[in-house]
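Examining the three-dimensional arrangement
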Amino acid sequence: ARLVANDELKDQWNPPDGLNINLCSANKTQVLLGVKDTLVYLEIEADGKLTEKMRKKMPYEIACVDLARIKDKDVCLTLPLDKSPISSLVLLLKT
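Rules used throughout
- Residues numbered from 1 in each chain as written.
- Predicted model: local features only at pLDDT ≥ 70, side-chain atom pairs only at ≥ 80, totals over all residues.
- Heavy atoms only, no water.
- Core = buried A, V, L, I, M, F, W, Y, C linked by side-chain atoms within 4.5 Å.
- Buried < 20%, exposed > 50% of the residue type's maximum accessible area, 1.4 Å probe, protein only.
- Helix = DSSP H or I, 4+ residues; strand = E, 2+ residues; numbered from the N terminus.
- Contact = heavy atoms within 4.5 Å.
- pLDDT = per-residue confidence, 0-100.

1. Topic: the nonpolar core
- One finds L3, W13, V31, L33, V35, V40, L42, I44 and L50 forming the largest nonpolar core, which totals 9 residues.
- Of all the secondary-structure elements, those providing two or more residues to this core are β4 (30–35) and β5 (38–44).
- If we skip the residues at most four places from it in the chain, V31 touches C24, S25, A26, V40, Y41, L42, I44, L50 and L67.
- By size, the runner-up hydrophobic cluster in this structure holds 8 residues, among which are L32, L39, Y41 and V65.

2. As for the confidence of the model for the chain
- Residue-level pLDDT values for the chain average 77, and 71% of them are 70 or greater.
- The model gives residues 84–89 a pLDDT under 50, and that stretch makes 14 contacts with residues more than four places away or in other chains.

3. So, the environment of P59
- In this fold, P59 is placed in the loop between β6 (50–57) and β7 (67–69).
- Taking the C-alpha atoms as reference points, P59 and D37, 22 residues apart in sequence, are found 7.0 Å from one another.

Here you go:
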């Protein structure tokens with residue numbers, strides 16, 4: 001995941017060796033990545049750095065991600081899960 005502003009690379013986050021970023025959702029201050037069966041939450045700092053705030057291994061491979069603000073600082077993540085007996089998982093992060 002690369003953070004670019006004004007045609008300049010500000011920072012980047014790389015997945016663990018041998019893995020690829022499969023899914024991404026972002027807004028002005030947050031990035032949510034799906035890396036196989038792992039959810040990675042990054043925040044974009046004021047100085048343009050990407051900071052990993054959370055990494056969560058899920059029981060199944062992640063099929064899609066959506067990042068949405070529901071309050072000033074809370075983040076609601078809706079994750080439809082692949083091959084799961086449940087259709088989606090909603091996580092509420094207190095940031």
